[in-house]
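Spelled out, the chains give:
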Amino acid sequence: MPSDPLTDEQREIRDLVRTLARERIAPRAAEIDKSAEFPWDLVDLFREHELFGLPFDEEYGGTGTGALMVLVAVEEISKVCATTGLILAVQELGSLGLKLAGSDEQRERYLPRLASGEWLPAYALTEPGSGSDSAAMRTVARRKGGEYVLNGSKRFITNAGVAQLYTVFAKTDPERGHAGISAFVVEADAPGFEVGRIEPKMGIKGSTTGEIFFTDCRVPADNLLGLEGEGFAIAMRILDRSRPGVAAQGLGLAQGATDYALEYAKTREAFGRPIADHQLVAGMLAEMETKCEAARGLLYKCGQLIDDGVDGPELTKVSAMTKLYCTDVAMEVTTDAVQVLGGYGYMQEYPVERMMRDAKITQIYEGTNQIQRLVIAREMLREARASLLAGAASV
Ligand SMILES: Cc1cc2nc3c(=O)[nH]c(=O)nc-3n(C[C@H](O)[C@H](O)[C@H](O)COP(=O)(O)OP(=O)(O)OC[C@H]3O[C@@H](n4cnc5c(N)ncnc54)[C@H](O)[C@@H]3O)c2cc1C
């Protein structure tokens, strides 16, 4: 009996993704890292095998296979290439605004193009002066007749320059703090929209991370997602569902590094026997595998909760725990994998040094792991207060 909660259909898709990852993506991973070029050939591979359809419902041309399936696919791809795993995760991240808050007309206009992979999306929240404290953003949007006019900039935006659709957050009422933020769909050819510098970085090098600018950028008023003032709540609801995608990327890295370290430890000899037979190495491998399995339990639970329609504070807490745990495991386990390989682990000839560099970002983006801890503690306190009140009411 399989020990995972996947259906036969989900297992079949996982096996297809696993095969594609091993045969088509793994051989490209080192080159993508070296060249730091966005892997359009793998975007074509995703299109060909309809992998971009995984985050979407059937009515929009997707597979309708649910959130857990997306996480499993991101994990499988990230085992061999975290840059490529991120492409699928961001297909979801950049589309979630439309899925959660889009009107029927907006969904019909955009989701089929995202489900086929004809268009890539991006999620634009962070600015030069506001990351963790995203409500301190300065980008503004003013209504003028049938349009909104956006001014400002965003920074560190994944898929900058390769996306055709940006989910953008801007202040429509700067005096009102969180309640003054609204969400928009901005197409890449909108007048006044411009992509700036693409940043060179430590890991996930094939993924573009860049600045975008809005200079009197005009978008149709119809491109407002939800109502004015709902943007911050939309941004947070998106993150509740996208943070598990980063967790899946982290777990993929951790499992990929563990698998590689195990194979290496079976054949590398020291003091007359395979290093896997030395207890301190065996102990590291055992801990790496155990952390991966524990992380997977949390990840799958989170995916199932989303598929069961769980929303609100319950999802916020589990999603933050999943992101925190899986990505801390990613950093610990990839670092240990380098250690298991010794000097070879530090060399670019072996994939574990790339995995360790790639793992670091998972602790930072979509809310740093410090912020995840704050979110989890806030939810714990809220639950404790609620149960205290419920107890008092029943006395
Ligand atoms: C490669 C990459 C891709 C990215 N992709 C996107 C994207 O697609 N879309 C997007 O909108 N953003 C994206 N980001 C931005 C990312 O989400 C932010 O960098 C992240 O949220 C942290 O914000 P910051 O960099 O401004 O750090 P800061 O907010 O300045 O934080 C700096 C340090 O202070 C800590 N800190 C801050 N506040 C607190 C607090 N209250 N308590 C404890 N510690 C605190 C942080 O944890 C961190 O360690 C990306 C970033 C990178 C590097």
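Structure: above.
Just so it is clear, the model here is predicted, and its values are computed rather than measured. (Residues numbered from 1 in each chain as written. Predicted model: local features only at pLDDT ≥ 70, side-chain atom pairs only at ≥ 80, totals over all residues. Heavy atoms only, no water.)

Undergrad: Which parts of the structure should I look at to understand the environment of Arg237?
TA: Mapped onto the secondary structure, Arg237 falls in helix H7 (residues 231-267). Classification of Arg237 by relative accessible area gives partly exposed; the value is 31%. Distance in space between the C-alpha atoms of Arg237 and Ala135 is 15 Å, their sequence separation being 102 residues. Dropping the residues within four chain positions of it, Arg237 is found in contact with Leu100 and Asp311. (Helix = DSSP H or I, 4+ residues; strand = E, 2+ residues; numbered from the N terminus. Buried < 20%, exposed > 50% of the residue type's maximum accessible area, 1.4 Å probe, protein only. Contact = heavy atoms within 4.5 Å.)

Undergrad: Would you mind going over the layout of surface pockets with me for this structure?
TA: A probe matching the size of a water molecule, rolled over the atoms, marks out where space remains unfilled. Its volume calculated, the largest pocket comes out at about 1200 Å³. Forming the boundary of the largest pocket are 43 residues, of which Thr126, Ile364, Tyr365, Glu366 and Gly367 lie nearest the centre. Elements that contribute at least two residues to the lining of the largest pocket include exactly helix H4 (82-93), strand S3 (147-158), H7, helix H9 (312-341), helix H10 (352-362) and helix H11 (369-394). If you tally residues by element for the lining of the largest pocket, the top one is H7, at six residues. Its residues placed into classes, the lining of the largest pocket shows 20 nonpolar, twelve polar and eleven charged. Put simply, the second largest pocket is a space of about 580 Å³. Lining of the second largest pocket is provided by 24 residues; of these, Lys79, Val80, Pro351, Arg354 and Met355 occupy positions nearest its centre. Of all the elements, helix H1 (residues 8-35) adds the most residues to the lining of the second largest pocket, at eight residues. Broken down by class, the residue content of the lining of the second largest pocket amounts to nine nonpolar, two polar and 13 charged. (1 Å grid on protein atoms, 1.4 Å probe; cavity = no way out; pocket = protein on both sides within 12 Å on 5 of 7 lines; lining within 4 Å. Points joined across faces, edges and corners; volume = space filled by probe spheres on them. Nonpolar A, V, L, I, M, F, W, Y, C, P; charged D, E, K, R; others polar.)

Undergrad: Just checking my understanding: could you explain the pattern of salt bridges for this structure?
TA: A side chain with one charge can pair with a side chain of the opposite charge if their charged atoms come near. Overall, the coordinates contain 26 salt bridges when judged by the stated rule. Two residues, Arg373 and Asp328, come together in a salt bridge whose shortest N-O distance is 3.0 Å. In this pair, Arg373 is assigned in helix H11 and Asp328 in helix H9, connecting sequence segments 45 residues apart. Take Arg373: its relative accessible area is 42%, and that puts it in the partly exposed class. Asp328 sits in the buried class, given a relative accessible area of 15%. When salt bridges with common partners are traced through the structure, they connect Asp4, Asp8, Arg11, Arg14 and Asp15 into a single cluster. (Salt bridge = Lys/Arg side-chain N within 4 Å of Asp/Glu carboxyl O.)

Undergrad: What is the right way to look at the environment of Lys171 in this model?
TA: Positionally, Lys171 belongs in strand S4 (residues 165-171). If near-sequence neighbours (up to four positions away) are discounted, Lys171 is found in contact with Ala135, Ala136, Met137, Thr139, Val140, Ala141, Gly177, Gly180 and Ile181. In terms of polar contacts, Lys171 uses its side chain to reach the backbone carbonyl oxygen of Met137, at 3.3 Å. (Polar contact = N/O pair within 3.5 Å; in protein donor to acceptor, adjacent residues only side chain to side chain.)

Undergrad: I would appreciate a short explanation of empty space enclosed by the protein in the present structure.
TA: Following the criterion strictly, the structure yields two cavities of 30 Å³ or more and no others. Taken as a whole, the largest cavity spans an internal volume of roughly 80 Å³. In terms of lining, the largest cavity is formed by 14 residues, of which the most central are Ala89, Ser242, Gly245, Val246 and Glu366. Among the residues making up the lining of the largest cavity, the classes are represented as eight nonpolar, three polar and three charged.

Undergrad: Where do I start with the site of the ligand in this structure?
TA: As a structural note, the neighbourhood of the ligand is formed by 18 residues, with Tyr123, Thr126, Ser132, Phe156 and Thr368 the closest of them. Separating an oxygen atom of the ligand from a side-chain N or O atom of Thr368 is a distance of 2.6 Å. Breaking the shell around the ligand down by element, the ones donating at least two residues are S3 and H11. Looking at side-chain class alone, the shell around the ligand contains nine nonpolar, seven polar and two charged residues. (Near = heavy atom within 4 Å.)

Undergrad: Please clarify how the packing of H1 against helix H3 (residues 67-78) should be interpreted in this entry.
TA: Pairs of packed helices are described in terms of their axes, by the angle between the two and the distance that separates them. In contact at an axis separation of 9 Å, H1 and H3 are set at 20° when each is read in the N-to-C sense. Between H1 and H3, the crossing angle belongs to the class labelled roughly parallel. As for the relative orientation of H1 and H3, their crossing is right-handed in sense. Residues Gln10, Ile13, Arg14, Val17, Arg18, Ala21 and Ile25 of H1 pack against Leu68, Met69, Val72, Ala73, Glu76 and Ile77 of H3. Broken down by class, the residue content of the contact of H1 with H3 amounts to nine nonpolar, one polar and three charged. (Axes fitted to C-alpha atoms, helices over the stretch in contact; angles between N-to-C directions. Parallel < 35°, antiparallel > 145°, perpendicular 65-115°, else oblique. Left-handed = near helix turned anticlockwise from the far one by under 90°.)

Undergrad: So what exactly am I meant to see when it comes to the packing of H7 against H10 here?
TA: One way to put it is that H7 packs onto H10 with a least axis distance of 10 Å and a crossing angle of 160°. When the interaxial angle is binned, H7 and H10 end up roughly antiparallel. Judged by the twist between their axes, the crossing of H7 over H10 is left-handed. Along its contact with H7, which presents Val246, Gln249, Gly250, Leu253, Gly256, Ala257 and Tyr260, the element H10 presents Val352, Met355, Asp358, Ala359 and Thr362. Among the residues making up the contact of H7 with H10, the classes are represented as seven nonpolar, four polar and one charged.

Undergrad: What is the right way to read the packing of aromatic side chains from this model?
TA: A ring pair, where both rings are aromatic, is described by two values, the distance of the centres and the angle of the planes. All told, the structure shown has ten aromatic pairs when counted by the stated rule. For the ring pair Phe38 and Trp40, a centre distance of 4.8 Å and an interplane angle of 70° mean the geometry is edge-to-face. Of the residues examined, Phe38 reaches a relative accessible area of 12% and is grouped as buried. Ring plane angle 90° and centroid distance 6.2 Å describe the contact between Tyr264 and Tyr350, whose orientation is recorded as edge-to-face. With a gap of 86 residues between them, Tyr264 in helix H7 and Tyr350 in the loop between H9 and H10 connect regions that are remote in the sequence. The two residues Tyr264 and Tyr350 agree in class, both being buried. (Phe/Tyr/Trp six-rings, centres within 6.5 Å; stacked < 30°, edge-to-face > 60°.)

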